[in-house]
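# Coordinate analysis (summary)
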Amino acid sequence: MSKTTDELIAGLTADVPKVAPGAVGRRIALGLGLGGLGSAAVMLAWLGPRPDLAQAVMTPMFWMKFGYAALTGLILAGVLVRLAKPAARVGGLALAAAAPFALVAAMAAMRFAQAPADAHHAMLMGHSSMICPWRILAIGLPLLAGAVWAVRGLAPTRLGLAGLAAGGCAGALGAMIYSVACNETSAPFLAIWYTLGMALVAAVGAAAGSRLLRWR
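Now for a description of the structure that goes with this document.

Bringing the nonpolar core into the picture now. By size, the foremost hydrophobic cluster in this structure holds 56 residues, and its most contacted members are Ile 28, Leu 32, Tyr 178 and Tyr 194. Broken down by secondary-structure element, the contributors of at least two residues to this core are α2 (23-46), α4 (60-83), α5 (93-114), α7 (132-152), α8 (159-178) and α9 (187-212). Apart from the residues lying within four places of it in its own chain, the contact partners of Tyr 178 are Leu 47, Ser 128, Cys 132, Arg 135, Ile 136, Ile 139 and Tyr 194.

Per the stated rule, a full pass over the model turns up one salt bridge. Notably, a salt bridge pairs Arg 50 with Asp 52, separated by 2.7 Å at the nearest N-O pair. Relative accessible area serves as the criterion here: at 31%, Asp 52 is assigned to the partly exposed category.

Before going further, it helps to examine α8. Taking 1.5 Å as the rise per residue, α8 with 20 residues should run 28 Å; its terminal C-alpha atoms sit 28 Å apart, in good agreement. Buried residues dominate α8, accounting for 17 of its 20 residues.

This part is about the side chain of Lys 65. Tracing the chain through its elements places Lys 65 in helix α4. Salt bridges are absent for the buried Lys 65, whose nearest opposite-charge side chain, Glu 184, sits at 7.3 Å. A distance of 2.9 Å separates the side chain of Lys 65 from the backbone oxygen of Glu 184, its partner in a polar contact. Setting aside anything within four residues of it in sequence, one finds Lys 65 in contact with Arg 50, Ser 179, Cys 182, Asn 183, Glu 184, Leu 190 and Tyr 194.

This part takes up a nonpolar patch on the surface. On the surface, a cluster of nonpolar side chains totalling about 420 Å² of accessible area is made up of Leu 30, Leu 34, Leu 37 and Trp 149. Tallying contributions element by element places α2 first for the nonpolar patch, with three residues. By secondary structure assignment, the location of Trp 149 is in helix α7. Of the residues examined, Trp 149 reaches a relative accessible area of 39% and is grouped as partly exposed.

We now examine the side chain of Ser 39. Structurally, Ser 39 is set in helix α2. Classification of Ser 39 as buried rests on a relative accessible area of 0%. Ignoring anything within four residues of it in the chain, the contact list for Ser 39 reads Ile 139, Gly 140, Pro 142, Leu 143 and Ile 177.

Summed over the entire model, instances satisfying the criterion amount to four aromatic pairs. With a centroid separation of 5.0 Å and an interplanar angle of 90°, the aromatic rings of Phe 62 and Trp 63 are classed as edge-to-face. Judged by its relative accessible area of 5%, Phe 62 is buried. The exposure class of Trp 63 is partly exposed, given its relative accessible area of 46%. Ring plane angle 75° and centroid distance 5.6 Å describe the contact between Trp 63 and Phe 66, whose orientation is recorded as edge-to-face. Of this pair, Trp 63 and Phe 66 both sit in helix α4, separated by three residues, roughly a single helical turn. These aromatic residues form a ring-pair network of at least three members: Phe 62, Trp 63 and Phe 66. The side chain of Arg 27 reaches across the aromatic face of Trp 149, ending 4.1 Å from its centre. For the cation-ring pair, Arg 135 lies above Trp 46, with the distance from its terminal atom to the ring centre recorded as 6.0 Å.

The rules behind these values
Residues numbered from 1 in each chain as written. Predicted model: local features only at pLDDT ≥ 70, side-chain atom pairs only at ≥ 80, totals over all residues. Heavy atoms only, no water. Core = buried A, V, L, I, M, F, W, Y, C linked by side-chain atoms within 4.5 Å. Buried < 20%, exposed > 50% of the residue type's maximum accessible area, 1.4 Å probe, protein only. Helix = DSSP H or I, 4+ residues; strand = E, 2+ residues; numbered from the N terminus. Contact = heavy atoms within 4.5 Å. Salt bridge = Lys/Arg side-chain N within 4 Å of Asp/Glu carboxyl O. Expected span 1.5 Å × (residues − 1). Lys, Arg positive; Asp, Glu negative; His and termini not counted. Polar contact = N/O pair within 3.5 Å; in protein donor to acceptor, adjacent residues only side chain to side chain. Patch = residues over 30% accessible without salt bridge, like charges linked within 9 Å, V, L, I, M, F, W, Y side chains within 5 Å. Areas by Shrake-Rupley, 256 points an atom, 1.4 Å probe, with all protein chains shown as cover. Phe/Tyr/Trp six-rings, centres within 6.5 Å; stacked < 30°, edge-to-face > 60°. Lys NZ or Arg CZ within 6 Å of the ring centre and 35° of its normal.

So, in structure tokens, the structure goes:
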């Protein structure tokens with residue numbers, strides 16, 4: 001490489017600001033944190049916590065719902081951190097994001113198979129199947145707004161995929177917040193309707209990603 005080329009590269013990169021280690025993760029954590037406060041406020045003002053919350057937190061099903069959504073959200077937050085950087089590769093995190101669903105789906109299938117036939121409809125539909133996904137969507141939107149704000153200040157190049165990850169993360173964390181209000185106790189219900197709610201927010205993020213996540 002010639003001296004002239006070296007000088008040109010040095011000149012082009014001289015004014016590029018250094019990015020502190022962890023700055024991307026901190027920005028996304030800030031956006032999700034602020035969005036999470038908004039989502040929690042929506043849930044509390046709209047639905048409130050379930051009346052028997054003190055008893056519910058002593059049951060495995062509460063923590064199954066909460067943990068499924070929380071773990072999915074944390075993994076997708078890691079995916080989003082990667083996609084917020086130029087020419088990012090998701091790598092094994094993409095498969096890791098599917099692991100919580102696979103675990104819940106396997107448990108749901110086992111519980112469904114063990115239950116008597118006359119209990120199957122109630123296990124699948126609960127009493128809130130027609131509103132559960134839409135509630136998760138509504139509660140997840142402030143989180144999605146926080147994620148979009150964070151990523152817009154970074155340098156994503158795969159905008160649709162970044163939007164999908166932002167929406168999926170927001171939907172999962174929104175479902176985690178919603179679980180404080182929800183009194184459904186069936187694993188098949190969780191596997192179907194909570195997942196659908198997360199997917200709705202992911203779809204909104206993916207659809208909006210190409211326009212909302214462009215560099216500013």
